[in-house]
Amino acid sequence: MKAIAIAHPNIAFIKYWGNRDQDLRIPVNGSFSMNLDGLSARTQVTFRADLEQDSLILNEKTLQGAGLQRVSQILDEVREVAGISLHAQVISENTFPTGAGIASSAAAFAALALASSKAAGLSLDEAALSRLARHGSGSACRSIPGGFTEWQSGESDQDSYAFSIAPPEHWDLADCIAVISSGHKAIGSTQGHALAATSPLQGGRVADVPRRIDICRRAILERDFDTFASICELDSDMMHAVMMTSNPALFYWQPSTLRVMQSVRDWRAEGLPVFYTIDAGPNVHVITPTKKMREVKDKLANIEGVDNVLTATVGGPTRLVES
Ligand code: DP6
């Protein structure tokens, strides 16, 4: 009873920040993202009769405690649906550098959802896999379908899942990730979601989401880069305004983060098609048409405080692989 799955992380264009149900990860607003090809998590799950408990090896290190517990919760769900009681060995590896500050939980839980359900003999459809991945990490539900994906917030566990709105080949976009050196460990997303409602700005951010979602969806479908750029930057800035004004306040930006944001705006004013978007950390994701990826990567690498630049194009869905 073994299966291996590969999943990509994703970068959000309209951000998920705050849950209406923190345990089930039902978000207060819908979101959009694209999967990142070239970066991936590969996860192998084996259910075995000789195991007394679940085990997790992540990038060749054995994990216990909260990390293992989060994985076991997904395995419990799979065991219940499949009607089995065997424990599992989970071995997961990321192909992107750990410690580079790129959130890996989305790819990890998407791969875990597919590999564990398959290993248990289940054939879940895409929506069911997306829901299962969501229980491990909200943004993971968007890594199950391929290309450009929308997570409909839904109102219950059943209707909160992601689907593809366009395949990877729909639009040749690249993400140049400016990795910024950061001295301290930031507060993780899970804690951050729980604080979102303490910001007096969260209500305004959420109320305006349907408008931003409509603009973003249309911009993606029509490949309208200028509209896409301005709505995505606005959405990212609004989320960070909420973070900075929550209690306690979360400041993810470093001085170099701002240097990159300013440069990206300057380059766009000079005619280069680029925009920035930032998740719960100091790194800046700079989106540009693939034909400009080299140029943007080189420009970013020259900015003070940028450690290195990772690049990715639009990725496909979470998939099974042979061992
Ligand atoms: C800022 O999905 O990492 O990247 O559900 O607690 O695992 P958990 O949170 P997570 O939150 C992602 C937040 C974000 C925005 C986004 O990806 O939409």
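Residues numbered from 1 in each chain as written. Predicted model: local features only at pLDDT ≥ 70, side-chain atom pairs only at ≥ 80, totals over all residues. Heavy atoms only, no water.

(A) Structural detail: the environment of Ser-104. Relative to the helices and strands, Ser-104 is located in the loop between strand E9 (87–94) and helix H2 (105–119). For Ser-104, a relative accessible area of 27% gives the class partly exposed. Residues Ser-104 and Pro-9 lie 95 residues apart in sequence; the distance between their C-alpha atoms is 6.4 Å. Look past the residues within four positions of Ser-104 in its chain and what remains in contact with it is Asn-94 and Phe-96. (Helix = DSSP H or I, 4+ residues; strand = E, 2+ residues; numbered from the N terminus. Buried < 20%, exposed > 50% of the residue type's maximum accessible area, 1.4 Å probe, protein only. Contact = heavy atoms within 4.5 Å.)

(B) Inspection of the packing of H2 against helix H3 (residues 126–136) at higher detail. Viewed as axis vectors pointing N to C, H2 and H3 meet at an angle of 125 degrees, and their least axial separation amounts to 8 Å. The angle between H2 and H3 places the two elements in the oblique class. Crossing angle aside, the handedness with which H2 passes H3 is right-handed. Along the contact surface, H2 presents Phe-109, Ala-110, Ala-113, Leu-114 and Ser-117, while H3 presents Leu-129, Leu-132, Ala-133 and Gly-136. Grouping the amino acids of the contact of H2 with H3 by side-chain chemistry returns seven nonpolar, two polar and no charged. (Axes fitted to C-alpha atoms, helices over the stretch in contact; angles between N-to-C directions. Parallel < 35°, antiparallel > 145°, perpendicular 65-115°, else oblique. Left-handed = near helix turned anticlockwise from the far one by under 90°. Nonpolar A, V, L, I, M, F, W, Y, C, P; charged D, E, K, R; others polar.)

(C) Structural context of the nonpolar core. Core analysis: the largest hydrophobic core is formed by 31 residues, its most contacted members being Phe-13, Met-34, Phe-148, Leu-173 and Phe-228. Only strand E2 (10–14), strand E5 (31–35), strand E11 (161–166), strand E12 (173–180), helix H6 (209–221), helix H7 (225–244) and strand E15 (306–313) provide two or more residues apiece to this core. For Leu-173, the contacting residues outside a window of four places in its chain are Met-34, Phe-148, Phe-225, Phe-228, Ile-287, Thr-288, Pro-289, Thr-290, Ala-312, Thr-313 and Val-314. Membership of the second largest hydrophobic core comes to 29 residues, among which are Ala-111, Leu-132, Ala-133 and Ala-140. (Core = buried A, V, L, I, M, F, W, Y, C linked by side-chain atoms within 4.5 Å.)

(D) Expanded view of the site of the ligand. Surveying the vicinity of the ligand reveals 17 residues, the closest of which are Arg-25, Ser-137, Gly-138, Ser-139 and Thr-190. For the ligand, an oxygen atom lies 2.9 Å from a polar atom in the backbone of Tyr-16. Between the ligand and the protein, one listed contact pairs an oxygen atom with a side-chain N or O atom of Ser-139 at 2.7 Å. Here the ligand, which alone exposes 460 Å², has 95% of that area covered by the protein. Tallying contributions element by element places helix H4 (residues 189–195) first for the shell around the ligand, with three residues. By residue class, the composition of the shell around the ligand is five nonpolar, seven polar and five charged. Here the shell around the ligand spans two domains, since at least three of its residues come from each of domain 1 (2–168) and domain 2 (170–314). (Near = heavy atom within 4 Å. Polar contact = N/O pair within 3.5 Å; in protein donor to acceptor, adjacent residues only side chain to side chain. Areas by Shrake-Rupley, 256 points an atom, 1.4 Å probe, with all protein chains shown as cover. Domains from an automatic or database assignment.)

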